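# Tertiary structure, described
Given next are the chains, with one letter for each unit.
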Amino acid sequence: MRPVPGFNASLDPQQTARAGTDRSPRRSRLHSGVMLAVFVIAVCAAGMAAGLLFPPGEWHEQLAKPTWNPPDWVFSPVWATLYVLLATSAWLVWREPGVSWAERRGAWTAFAAHALLNLAWTPLYFGARQPGWAFLDISLLWLAVIWLTLRFGRIKPLAGYLLIPLVLWESFALVLNGTIWLMNT
């Protein structure tokens with residue numbers, strides 16, 4: 001069989017990549033950039049939707065809060081930044097080559113657990129007005145973000161490092177939620 005010019009018939013992906021002929025859409029810069037945008041939009045939209053569906057409202061304003069409670073205006077820009085970091089971290093893991101199926105499955109399972117627990121907190125706290133149940137959720141969420149950070153970091157260290165601000169903020173939010181719950185029981 002004669003080789004076709006510009007086409008590498010090798011079945012070895014490492015040899016193909018070294019030869020510079022890997023032209024898959026996943027490797028293209030445009031596709032990669034589009035996927036980064038998709039990750040950022042999806043993660044931010046999910047977080048924003050929860051906030052729009054369940055705003056703090058008057059009930060939250062009436063709660064006793066600790067003196068170190070940040071002003072309400074702080075939460076939106078902090079969460080927007082954290083969601084962009086989370087999306088970027090997920091994108092880095094998505095595009096990382098040479099990762100076993102089991103390792104990927106573990107990382108995406110941690111991502112899904114974190115996402116579900118994160119999205120559940122707002123309806124529990126603001127929608128159902130149940131700081132105690134929200135505290136249980138955020139306690140599990142804190143464990144999930146640690147798990148997620150370790151799983152992503154194992155695949156791509158930068159992806160794990162990008163989640164450190166999220167770990168710190170969720171640690172703070174855990175203590176704040178618990179304090180508000182105790183102050184209002």
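The preceding data block contains the structure.
It should be emphasised that the depicted structure is a prediction, and the values quoted were computed from it without experimental measurement.

## Points about the overall build of the chain
A count of helices and strands for the chain gives eight helices and zero strands. Moving toward the C terminus, one meets the helices and strands of the chain in the order α-α-α-α-α-α-α-α. If you take every contact in the chain between residues at least 6 apart in sequence, the share linking residues at least 24 apart comes to 78%. Accessible surface for the chain amounts to roughly 11200 Å². Of this, 69% is attributable to carbon and sulfur atoms.

## Thoughts on the packing of helix α5 (residues 101–127) against helix α8 (residues 164–183)
Two packed helices can be described by the angle between their axes and the distance between those axes. Viewed as axis vectors pointing N to C, α5 and α8 meet at an angle of 30°, and their least axial separation amounts to 14 Å. Here α5 lies roughly parallel to α8, going by the angle between them. Handedness of the α5/α8 crossing: left-handed. Only Leu 166, Glu 170, Asn 177 and Ile 180 of α8 make contact with α5, whose side of the interface consists of His 114, Asn 118, Trp 121 and Tyr 125. Looking at the contact of α5 with α8 residue by residue, the classes come out as four nonpolar, three polar and one charged.

## Some words on the pattern of salt bridges
Within this structure, the stated rule accounts for three salt bridges. As a salt-bridge pair, Glu 96 and Lys 156 come within 3.5 Å of each other at their nearest N and O atoms. With Glu 96 in the loop between α4 (75–95) and α5 and Lys 156 in the loop between α6 (131–155) and α7 (157–162), the pair connects residues that are 60 residues apart, well separated along the chain. Owing to a relative accessible area of 19%, Glu 96 belongs among the buried residues under this scheme. Residue classification places Lys 156 among the partly exposed positions, given a relative accessible area of 24%. Ionic pairing is found between Glu 103 and Arg 151, a salt bridge with its closest N-O pair at 3.7 Å. With Glu 103 in helix α5 and Arg 151 in helix α6, this pair connects stretches of sequence that are 48 residues apart. When sorted by exposure, Glu 103 lands in the same class as Arg 151, which is buried.

## A few points about the nonpolar core
Counting residues in each nonpolar core, the largest one holds 28 residues, and the members touching the most others are Phe 39, Leu 86, Phe 111, Leu 148, Phe 152 and Leu 166. Secondary structure elements with two or more residues in this core: α2 (29–53), α4, α5, α6, α7 and α8. Top contributing element to this core by residue count: α4, with 10 residues. Look past the residues within four positions of Leu 166 in its chain and what remains in contact with it is Trp 79, Leu 82, Leu 86, His 114 and Val 145.

Cut-offs and rules
- Residues numbered from 1 in each chain as written.
- Predicted model: local features only at pLDDT ≥ 70, side-chain atom pairs only at ≥ 80, totals over all residues.
- Heavy atoms only, no water.
- Helix = DSSP H or I, 4+ residues; strand = E, 2+ residues; numbered from the N terminus.
- Contact = heavy atoms within 4.5 Å.
- Areas by Shrake-Rupley, 256 points an atom, 1.4 Å probe, with all protein chains shown as cover.
- Axes fitted to C-alpha atoms, helices over the stretch in contact; angles between N-to-C directions.
- Parallel < 35°, antiparallel > 145°, perpendicular 65-115°, else oblique.
- Left-handed = near helix turned anticlockwise from the far one by under 90°.
- Nonpolar A, V, L, I, M, F, W, Y, C, P; charged D, E, K, R; others polar.
- Salt bridge = Lys/Arg side-chain N within 4 Å of Asp/Glu carboxyl O.
- Buried < 20%, exposed > 50% of the residue type's maximum accessible area, 1.4 Å probe, protein only.
- Core = buried A, V, L, I, M, F, W, Y, C linked by side-chain atoms within 4.5 Å.

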